[in-house]
Amino acid sequence: MQPIPFKNSYIKLGGDFYVRTEPTPVHNPELIKFNQDLAQQLGLIETVISSPKSTEIFAGNQIPEGAEPLAMAYAGHQFGGFSPQLGDGRAILLGEIISPDGIRYDLQLKGSGRTFYSRGGDGRAALGPILREYLVSEAMTKLGVPTTRALAAVTTGEDVARMQLVPGAILTRIASSFIRVGTFQYFSAKGDLASIKILADSVITRNYPQLINTDHPYTQLLQAVVKRQASLIAQWMQLGFIHGVMNTDNMSIAGETIDYGPCAFMDAYNHDQVFSSIDYQKRYAYSNQASIGLWNLTRLAECLVPLFNENDMDKGVEVAESILHTYITDYEKNWLSGMQAKIGLIESHQGDKELIDDLLDVMAINKADFTLTFHYLSQLKHKDTTQDEKIRALFSDPNLFDHWAIKWRKRLSTETVSEQTRQSKMQAINPVYIPRNHQIEKAIRAAEDHDDFSLFHQLHQVLQNPYQIQQGKEAYTLPPESNEIVRQTFCGT
Ligand code: AMP
Ligand code: MG
């Protein structure tokens, strides 16, 4: 077995960026799941990561050769209030690897013990949130959404104290970078411009190498991050995904979905849906995600502006404002083209946005299931309404759907593609399976209460192919029964 080919770069940025920290060993770790496909993609199949001994590594009991464990420093706005020092309180970066396709990944343990940044926390993670993050982050990958990924999950054999004692677990996860908007804010709050420059240069080298030799790399960096976030958040919206805790420390500089705490996919469509138990002001409601994205990016811009034009702050601010403005146009463009595709429109016509908004309004009034509405819509015929029954049944007043469908079919008449092409294009982007809250909850309950991981494994399996109808898996397409509805989700800290 070869060692993991670590090539660590973050540690070279200097001691202001992290605190070296080893994981705290756990009592009796057991492997829940190892992501063989991901290990293969990362080129780790021949390494100790893929050996039976790897459970000890995933548990933090053994530090693999070449790892240089550390906890990263960062700050962040949480629900609008600024904390100058957050940092990895329950995560430890083991190091970085470069995959065979040349992409650098961070390898991190989450729930591996206290660090310098733990404050009052225990540095641990409960089994439930670890299973949730594993399921949802892997589902997001298969849905085509940029995200951090799960490489492995283990139980620790130790309990953690939350509302009650619950089993502890550790997730090994990877990201194209665990640097966040909050990492920049950490140095900005201290007025440490030199470190902001070091950080920006490292992000450019690693995540945006095309900017290295451009005339204005720092303005281009802001522009590139803005572009990725405008695309990412539009994707969330198109899947009915609610992140739930879009604090600036949970916004990745690489444009990946990060930090699966109270996140959830909507069942019944509700424009202002919130699941997080602590989001009292509905700051991170579904409908607010795009504008919160801009708010967070504005915080990033404030950190980067001093690098734009050191002699003329006003000019720098002007440039930043114009870049931030592109977020709005980019997001709207992404949202509209994505939603047009969801309802089978290949061309772009005046009135398409109104048609989409109308559908969403009718869905909201009727509490129609978000995922099933688009899934069934993908199966409808243009000229023949005899197959409309399934979708009509999702609406408490099916007549309202019928009215909308008349307008939709009229609009389809102006399209030139064949029915079959339209349907297959729609089916390729409207999922059949999403990680529904009640299914996640059932999987967690079975694991926590009965040490039974079968539901977790089954759900994970179904989510591997979200766009394809799978024989015998109808139950996973269904919204919750009234007694199964999950109304609140929790951060899991
Ligand atoms: P999060 O809500 O997961 O984004 O975490 C916000 C901050 O709280 C981060 O600095 C975390 O490292 C820290 N934190 C969350 N849970 C724990 C825990 N159990 N122990 C120590 N720190 C934690
Ligand atoms: Mg976080």
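Residues numbered from 1 in each chain as written. Chains lettered and ligands numbered in written order. Predicted model: local features only at pLDDT ≥ 70, side-chain atom pairs only at ≥ 80, totals over all residues. Heavy atoms only, no water.

> How do you make sense of the overall build of the protein chain when you look at a structure like this?
Counting its secondary structure elements, the protein chain contains 15 helices and twelve strands. A compact globule built from 493 residues should have a C-alpha radius of gyration of about 23 Å, and the protein chain, at 23 Å, falls within 12% of that. Along the three orthogonal principal directions, the C-alpha set of the protein chain runs to about 65 × 60 × 45 Å. For the protein chain, with 493 residues in total, the buried portion stands at 56%. A sequence separation of at least 24 residues applies to 72% of the contacts in the protein chain between residues at least 6 apart. Counting every atom, the protein chain has about 20,600 Å² of accessible surface; 50% of that belongs to carbon and sulfur. Of the charged side chains in the protein chain, 45 are positive and 56 negative; the average position of the first set lies 2 Å away from that of the second. (Helix = DSSP H or I, 4+ residues; strand = E, 2+ residues; numbered from the N terminus. Rg over C-alpha atoms; globule rule 2.2 N^0.38 Å. Buried < 20%, exposed > 50% of the residue type's maximum accessible area, 1.4 Å probe, protein only. Contact = heavy atoms within 4.5 Å. Areas by Shrake-Rupley, 256 points an atom, 1.4 Å probe, with all protein chains shown as cover. Lys, Arg positive; Asp, Glu negative; His and termini not counted. Charge placed at Lys NZ, Arg CZ, Asp CG, Glu CD.)

> Please explain the packing of aromatic side chains as it appears in this structure.
Each aromatic ring pair is characterised by the separation of its centres together with the angle its planes make. Taken as a whole and judged by the stated rule, the model has 18 aromatic pairs. Pairing tyrosine 327 with tyrosine 331 gives two aromatic rings, centres 6.3 Å apart and planes at 15°, and the pair type is stacked. Of the two residues, tyrosine 327 and tyrosine 331 both sit in helix H8 (residues 313-342), four residues apart, roughly one turn of that helix. According to the relative accessible area criterion, tyrosine 327 is buried, its value standing at 2%. The buried category is assigned to tyrosine 331, whose relative accessible area is 10%. (Phe/Tyr/Trp six-rings, centres within 6.5 Å; stacked < 30°, edge-to-face > 60°.)

> Explain the nonpolar core to me, please; I cannot follow it from the model alone.
The nonpolar side chains of soluble globular proteins are, as a tendency, buried together. Counting residues in each nonpolar core, the largest one holds 124 residues, and the members touching the most others are Tyr10, Phe184, Leu304, Ile343 and Leu377. Of the residues forming this core, the biggest block, 13 residues, is contributed by helix H6 (residues 217-239). When sequence neighbours within four positions are dropped, the list of residues in contact with tyrosine 10 reads Phe17, Tyr18, Leu70, Met72, Ala73, Leu93, Glu96, Ile179, Thr183 and Leu199. Of all hydrophobic cores here, the second largest spans 23 residues; its members include Ile4, Phe6, Leu44 and Val154. (Core = buried A, V, L, I, M, F, W, Y, C linked by side-chain atoms within 4.5 Å.)

> Sorry if this is basic, but what is going on with the coordination of the magnesium ion (ligand 2) here?
As a benchmark, a tetrahedral metal site with four donors has ideal angles of 109.5 degrees, while an octahedral site with six donors has ideal angles of 90 or 180 degrees. Surrounding the magnesium ion (ligand 2) are the protein donor atoms Asn250 (OD1) and Asp259 (OD), which sit 1.9 to 2.2 Å from the metal. The exposure class assigned to aspartate 259 is buried, which follows from its relative accessible area of 15%. (Donors = N, O, S within 2.8 Å, 3.2 Å for Na, K, Ca; no water.)

> Would you mind going over H6 with me for this structure?
Given 3.6 residues per helical turn, the α-helix brings residues three or four places apart onto the same face. A rise of 1.5 Å per residue sets the reference length of H6, with its 23 residues, at 33 Å; its end C-alpha atoms lie 33 Å apart and thus fit the reference within 8%. Within H6, 17 of the 23 residues are buried, which leaves it mostly tucked inside the rest of the structure. Two residues or fewer after H6 comes glycine 240, characterised by a positive phi angle close to 70°. (Expected span 1.5 Å × (residues − 1).)

> How should the pattern of salt bridges be read in this particular structure?
If the charged atoms of two oppositely charged side chains come close together, the side chains can form a pair. Counting across every chain of the model gives 24 salt bridges. Notably, a salt bridge pairs arginine 299 with glutamate 302, separated by 2.7 Å at the nearest N-O pair. In this pair, arginine 299 and glutamate 302 both sit in helix H7 (residues 289-308), three residues apart, roughly one turn of the helix. For arginine 299, a relative accessible area of 13% gives the class buried. Here the residues in one salt-bridge network are Arg132, Glu441, Arg445, Glu448 and Asp449, joined through shared partners. (Salt bridge = Lys/Arg side-chain N within 4 Å of Asp/Glu carboxyl O.)

> How should I be thinking about helix H3 (residues 127-143) in this particular structure?
Compared with an ideal rise of 1.5 Å per residue, which puts 17 residues at 24 Å, H3 spans 24 Å between its outermost C-alpha atoms and is within 8% of the ideal. Across the 17 residues of H3, 14 count as buried, placing the element largely inside the fold. Glycine 144 occupies a position one or two residues after H3 and carries a positive phi of about 90°.

> Explanation requested: the domain arrangement of the protein chain in the structure shown.
The extent of an interface is frequently quoted as the accessible surface area lost upon association of the parts. The assigned domain composition of the protein chain is domain 1 (10-178) and domain 2 (182-341). Between domain 1 and domain 2, the C-alpha centre-to-centre distance is 23 Å. The interface of domain 1 with domain 2 comprises 37 residues on the first partner and 40 residues on the second. Approximately 3,100 Å² of surface area, both sides summed, lies buried where domain 1 meets domain 2, with 61% of it carried by carbon and sulfur atoms. (Domains from an automatic or database assignment. Buried area = accessible area lost by both parts, 1.4 Å probe.)

> For this particular structure, what's the right way to read the side chain of aspartate 388?
Residue position: aspartate 388 is located in the loop between helix H10 (370-377) and helix H11 (389-392). In this structure the side chain of aspartate 388 is engaged in a polar contact, spanning 2.9 Å, whose partner is the side chain of arginine 409. For aspartate 388, the residues in contact, after removing those within four places along its chain, are Leu380, Phe401 and Arg409. (Polar contact = N/O pair within 3.5 Å; in protein donor to acceptor, adjacent residues only side chain to side chain.)

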